[in-house]
Amino acid sequence: MVSSEQRRRQLAREKYERQMQRRAEAQKQARKRNVLVGAGVAVAVVAAAGAAWALGGSDGDKKDAAAAPTPTAAASPVKGCTTPAPGSPNGKQFKTEPAMTVDTKASYTMALDTSCGKVTVALDAAKAPHTVNSFAFLSNEKYFDHTKCHRLTTEGIYVLQCGDPTGTGSGGPGYQFADENLTGATYPAGTVAMANAGAGTNGSQFFLVYKDTQLPPNYTPFGKVTGGLDVVQNIAAGGVQGGGGDGAPVADVVLNSVTTTKG
């Protein structure tokens with residue numbers, strides 16, 4: 001017969017095991033979220049867990065942006081990728097989010113002319129007007145031209161990260177803006193969404209989803225790839241430098257130019 005003391009100890013042990021299980025699950029979810037947080041949080045993650053640098057969404061400063069590396073002249077080892085167009089990011093910085101000029105009832109297309117092929121994206125100005133407005137502004141300023149896609153993930157989540165003129169995961173345009181279109185957000189293949197360092201910290205960094213990915217609805221979806229998803233998938237097939245599942249892509253992916261057009 002089980003004594004009351006034995007029963008008490010059994011219940012305490014079961015409670016402890018449940019707590020440990022919940023803690024382990026919370027840590028697992030936190031690791032998943034951290035793949036898309038900005039460099040400010042990523043520094044702590046790297047130091048504590050020895051993980052690869054995280055997808056950036058925080059602003060860098062003018063010094064970092066001006067010091068952005070010039071794309072290498074060496075040919076990419078990934079088939080279909082070529083030597084990037086000559087030039088360097090202009091490193092422009094802006095004090096505030098640009099004034100709203102987009103027509104929320106109109107259609108907009110973003111064209112990414114990359115060193116690995118062309119990608120076209122239908123932008124959703126109706127659901128993410130501030131995000132589309134920012135991209136239209138930055139692309140008009142040639143902000144994205146000659147910037148590297150600095151991170152590829154091939155395990156757990158399946159995204160290519162771009163939009164940082166410093167190529168470090170910490171760069172940004174100097175301003176931040178609020179999240180949009182998060183209610184019920186999902187991230188199937190072809191989704192284009194913002195990276196961030198927490199709520200309301202969107203800048204210039206974005207990611208392209210090349211394979212259905214499970215993420216919490218924390219990252220503003222603002223477009224859908226309408227052409228060139230195979231280009232992103234080819235980059236992903238080239239793998240990550242060093243053979244891991246998270247880091248700089250083997251392919252030397254540079255945005256030679258980015259344009260946003262109405263209609």
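Residues numbered from 1 in each chain as written. Predicted model: local features only at pLDDT ≥ 70, side-chain atom pairs only at ≥ 80, totals over all residues. Heavy atoms only, no water.

Side note on helix H4 (residues 129-140)
Because the α-helix completes a turn every 3.6 residues, residues three or four places apart line up on one side.
In step 1: Taking 1.5 Å per residue as the helical rise, H4 with its 12 residues ought to reach 16 Å, and the 16 Å between its terminal C-alpha atoms agrees with that figure.
In step 2: Turning to H4, its buried residues number three or more, namely Pro-129, Thr-131, Val-132, Asn-133, Ser-134, Phe-135, Leu-138 and Ser-139.
In step 3: At its buried positions, H4 is contacted by strand E1 (108-114), strand E2 (117-123), strand E6 (191-194), strand E7 (206-209), strand E8 (221-227) and strand E10 (254-262).
In step 4: At the C-terminal side of H4, Lys-142 shows a positive phi close to 60 degrees. (Helix = DSSP H or I, 4+ residues; strand = E, 2+ residues; numbered from the N terminus. Expected span 1.5 Å × (residues − 1). Buried < 20%, exposed > 50% of the residue type's maximum accessible area, 1.4 Å probe, protein only. Contact = heavy atoms within 4.5 Å.)

Some points on helix H5 (residues 229-237)
In step 1: Among all positions of H5, only Val-231, Val-232, Ile-235 and Ala-236 are buried. One face of H5 carries all of its buried residues, which in axial projection span an arc of 140 degrees. Exposed positions of H5 whose direction lies more than 90 degrees from the buried face are Asp-230 and Ala-237.
In step 2: Structurally, H5 contributes buried residues whose contacts are with E1, E2, strand E4 (151-153), strand E5 (159-162) and E7.
In step 3: Taken from the residues just after H5, Gly-239 is the one with a positive phi, measuring 85 degrees. (Arc of directions from axis to C-beta.)

Description of unusual backbone geometry
In step 1: Even without being glycine, Lys-142 reaches a positive phi, approximately 60 degrees.
In step 2: Mapping Lys-142 onto the fold places it in the loop between H4 and strand E3 (147-148).
In step 3: Residues other than glycine seldom take positive phi values, yet Asn-181 does so here, at roughly 55 degrees.
In step 4: Tracing the chain through its elements places Asn-181 in the loop between E5 and E6.

A short note on the layout of surface pockets
In step 1: By volume, the second largest pocket amounts to about 160 Å³.
In step 2: In terms of lining, the second largest pocket is formed by Asp-124, Lys-127, Asn-181, Thr-186, Pro-188, Thr-191, Pro-221, Phe-222, Gly-223 and Lys-224.
In step 3: Classifying every residue of the lining of the second largest pocket gives three nonpolar, four polar and three charged. (1 Å grid on protein atoms, 1.4 Å probe; cavity = no way out; pocket = protein on both sides within 12 Å on 5 of 7 lines; lining within 4 Å. Points joined across faces, edges and corners; volume = space filled by probe spheres on them. Nonpolar A, V, L, I, M, F, W, Y, C, P; charged D, E, K, R; others polar.)

Describing the confidence of the model for the protein
In step 1: Counting all residues, the mean pLDDT for the protein is 83, and 71% of those residues have values of 70 or more.
In step 2: A low-confidence stretch, residues 37-56 (pLDDT under 50), is modelled with 46 contacts involving residues beyond four sequence positions or located in other chains.
In step 3: Within the model, the stretch residues 59-73 combines pLDDT values under 50 with 33 contacts to residues more than four positions away or in other chains. (pLDDT = per-residue confidence, 0-100.)

Some words on the state of the cysteines
In step 1: According to the stated counting rule, one finds two disulfides in the structure shown.
In step 2: Each sulfur in the disulfide pair Cys-81 and Cys-116 lies 2.0 Å from the other. Between Cys-81 and Cys-116, the disulfide has an S-S torsion of 110 degrees and is therefore right-handed. Of this pair, Cys-81 sits in the loop between helix H3 (62-66) and E1 while Cys-116 sits in the loop between E1 and E2, placing them 35 residues apart in sequence.
In step 3: A relative accessible area of 9% places Cys-81 in the buried class.
In step 4: Accessibility expressed as a relative area gives 5% for Cys-116, which makes it buried.
In step 5: In this model, Cys-149 is linked to Cys-162 through a disulfide, with the two sulfur atoms separated by 2.1 Å. (Disulfide = S-S within 2.5 Å.)

Here we look at the side chain of Asp-164
In step 1: Within the fold, Asp-164 resides in the loop between E5 and E6.
In step 2: Among buried Asp, Glu, Lys and Arg side chains, Asp-164 stands out as unpaired, with Arg-151 the closest opposite charge at 11 Å.
In step 3: A polar contact of 3.1 Å, which involves the side chain of Asp-164, links it to the backbone nitrogen of Gly-171. (Lys, Arg positive; Asp, Glu negative; His and termini not counted. Salt bridge = Lys/Arg side-chain N within 4 Å of Asp/Glu carboxyl O. Polar contact = N/O pair within 3.5 Å; in protein donor to acceptor, adjacent residues only side chain to side chain.)

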